[in-house]
Amino acid sequence: MERVGVIIVAGGAGTRFGGRIPKQFALLGGEPVLARTIGSFAKALPGAPIVVVLPAAHIEFWHNLCARFDVAPHTVAEGGEERFFSVRNGLAALPDDVGLIAVQDGVRPLASSKLIRRTAAAAAEHGTAVPVVEPADSYRQTDGTVSHAVDRRRLRIVQTPQIFRAGLLREAYGADYRPEFTDDASVVETAGHSICLCDGERQNLKITTPEDFAVAETLLAAREENAYERLPEK
């Protein structure tokens, strides 16, 4: 498979999460959330260049925090006012020789190696790959006054990493910013490319609220317990 470059966007202020520090720096299982996210890509894609995009005000804090933990090698780029500009800065910081580029939310620390590699393989085949899961809830669409049911069988919940051919993604991010650019797939689609969907994972949650964090801790504990039980007996 082609060499994959990784951009991890960690620009959130954590206003919905609460606490004294942004959620990407909070400790999950004794390790910063962002460090776990970096580590998941270093494990799945050994040798892949990883760029972490942070607000300028958080960069020194992150360097100091990294010194306390065994964080996988990565470089840091300064973020922009919107996610769009942060990804654009991350693209500029990646080496030119990568064939695929993955963009990941900094607060999705539980993406498995299987998910990352599966999405990369789909991108290598189709040029674009976005992991999704089917919704379990019911949905209604409203204009503020009236509402109607939405067929959830036609809906998908979008996750990251979203992975694209490098040239395609770089070209798409040459566009002017639009408010409707909520993720990389929307940028690429606006540039005229179709989006290939692949299987995501329900455990690949995005930590946004304290409740999400509690769920992530439970999932991590279960994952580590299962890994321990699979160890061969001495």
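Notes on the structure in this doc start here. It should be emphasised that the depicted structure is a prediction, and the values quoted were computed from it without experimental measurement.

1. Regarding the overall build of the protein chain
Inference 1: The helix and strand inventory of the protein chain stands at 7 helices and 12 strands.
Inference 2: Taken along the three principal axes of its C-alpha coordinates, the protein chain extends 55 × 40 × 40 Å.
Inference 3: In the protein chain, which comprises 234 residues, the proportion classed as buried is 45%.
Inference 4: Put simply, 74% of the contacts in the protein chain that link residues at least 6 apart link residues at least 24 apart.
Inference 5: As displayed, the protein chain has an accessible area near 12600 Å², and 49% of this comes from carbon and sulfur atoms.
Inference 6: Within the protein chain, one finds 26 positive and 30 negative side-chain charges whose respective centroids are separated by 3 Å.

2. Structural notes on the pattern of salt bridges
Inference 1: Applying the stated criterion to the full structure yields 10 salt bridges.
Inference 2: For Asp105, the salt bridge is made with Arg108, and the minimal N-O distance between the two is 2.9 Å.
Inference 3: By relative accessible area, which is 9% here, Asp105 ends up buried.
Inference 4: Put simply, Arg156 and Glu134 hold a salt bridge, and the shortest N to O gap is 3.7 Å. Of this pair, Arg156 sits in the loop between strand E9 (147–150) and strand E10 (157–158) while Glu134 sits in the loop between strand E7 (128–133) and strand E8 (139–142); the two residues are 22 residues apart in sequence, bridging distant segments of the chain.
Inference 5: Judged by its relative accessible area of 37%, Arg156 falls in the partly exposed class.
Inference 6: Connected through salt bridges with shared partners, the residues Arg83, Asp105, Arg108 and Asp184 form a single ionic network.

3. Here's the deal with the layout of surface pockets
Inference 1: In this structure, the second largest pocket spans a volume of roughly 480 Å³.
Inference 2: If you go around the second largest pocket, you meet 20 residues; those closest to its centre are Lys43, Ala111, Ser112, Leu220 and Arg223.
Inference 3: Listing elements by their share of the lining of the second largest pocket, those giving two or more residues are helix H1 (33–44) and helix H7 (210–229).

4. A closer look at the nonpolar core
Inference 1: Ile8, Leu34, Ile38, Phe41, Leu45, Leu54 and Trp62 are the most contacted members of the largest nonpolar core, which totals 32 residues.
Inference 2: Looking at this core, the elements with two or more residues in it are strand E1 (4–9), H1, strand E4 (50–54), helix H2 (56–66), strand E6 (100–105) and helix H4 (113–126).
Inference 3: Ignoring any residue separated from it by four or fewer positions in sequence, one finds Ile8 in contact with Leu34, Thr37, Ile38, Phe41, Ile50, Val51, Val52, Val53, Gln104, Asp105 and Gly106.
Inference 4: Formed by 21 residues, the second largest nonpolar core is a distinct cluster that contains Val87, Leu169, Ala172 and Val188.

5. Description of the pairing of E8
Inference 1: Bridge count for E8 against E9 is 4 bridges, and the pairing is antiparallel. Looking at E9, one finds that Gln141 is bridged to His148.

6. Digging into H1
Inference 1: With 12 residues, H1 extends 17 Å from end C-alpha to end C-alpha; this agrees with the ideal 16 Å at 1.5 Å per step.
Inference 2: Burial runs high along H1: 9 of the 12 residues are buried.
Inference 3: Turning to H1, its buried residues are Val33, Leu34, Ala35, Arg36, Thr37, Ile38, Ser40, Phe41 and Ala44.

7. What to know about the packing of aromatic side chains
Between two aromatic rings, the relevant description is the distance of the centres plus the angle of the planes.
Inference 1: The tally for this structure, following the rule as stated, stands at 7 aromatic pairs.
Inference 2: Between Phe25 and Trp62, the aromatic rings sit 5.9 Å apart at their centres with planes inclined by 25 degrees, giving stacked as the arrangement. Placement of the pair is Phe25 in the loop between E1 and strand E2 (27–28) and Trp62 in helix H2, with a sequence separation of 37 residues.
Inference 3: Note on Phe25: relative accessible area 2%, which makes it buried.
Inference 4: Relative to Phe85, the ring of Phe84 has its centre 5.3 Å away and its plane inclined at 90 degrees; by these criteria the two rings are edge-to-face.
Inference 5: Through successive ring pairs, a cluster of aromatic residues spans Phe84, Phe85, Tyr173, Tyr177 and Phe181.

8. Considering the environment of Leu155
Inference 1: Relative to the helices and strands, Leu155 resides in the loop between E9 and E10.
Inference 2: Note on Leu155: relative accessible area 29%, which makes it partly exposed.
Inference 3: It is 22 Å that separates the C-alpha atoms of Leu155 and Asp212, two residues lying 57 residues apart in sequence.
Inference 4: Beyond its immediate chain neighbours, meaning those up to four positions away, Leu155 contacts Pro135, Tyr139 and Val150.

9. Things to note about the packing of H1 against H4
Inference 1: The geometry of H1 relative to H4 is characterised by a closest axis approach of 9 Å and an angle of 65 degrees between their N-to-C directions. In the packing of H1 onto H4, the handedness of the crossing is right-handed. Of the residues in H4, those touching H1 at Ser40, Phe41, Lys43 and Ala44 are Ser113, Ile116 and Arg117.
Inference 2: Grouping the amino acids of the contact of H1 with H4 by side-chain chemistry returns 3 nonpolar, 2 polar and 2 charged.

Thresholds, definitions, all that
- Residues numbered from 1 in each chain as written.
- Predicted model: local features only at pLDDT ≥ 70, side-chain atom pairs only at ≥ 80, totals over all residues.
- Heavy atoms only, no water.
- Helix = DSSP H or I, 4+ residues; strand = E, 2+ residues; numbered from the N terminus.
- Buried < 20%, exposed > 50% of the residue type's maximum accessible area, 1.4 Å probe, protein only.
- Contact = heavy atoms within 4.5 Å.
- Areas by Shrake-Rupley, 256 points an atom, 1.4 Å probe, with all protein chains shown as cover.
- Lys, Arg positive; Asp, Glu negative; His and termini not counted.
- Charge placed at Lys NZ, Arg CZ, Asp CG, Glu CD.
- Salt bridge = Lys/Arg side-chain N within 4 Å of Asp/Glu carboxyl O.
- 1 Å grid on protein atoms, 1.4 Å probe; cavity = no way out; pocket = protein on both sides within 12 Å on 5 of 7 lines; lining within 4 Å.
- Points joined across faces, edges and corners; volume = space filled by probe spheres on them.
- Core = buried A, V, L, I, M, F, W, Y, C linked by side-chain atoms within 4.5 Å.
- Pairing = 2+ DSSP bridges.
- Expected span 1.5 Å × (residues − 1).
- Phe/Tyr/Trp six-rings, centres within 6.5 Å; stacked < 30°, edge-to-face > 60°.
- Axes fitted to C-alpha atoms, helices over the stretch in contact; angles between N-to-C directions.
- Left-handed = near helix turned anticlockwise from the far one by under 90°.
- Nonpolar A, V, L, I, M, F, W, Y, C, P; charged D, E, K, R; others polar.

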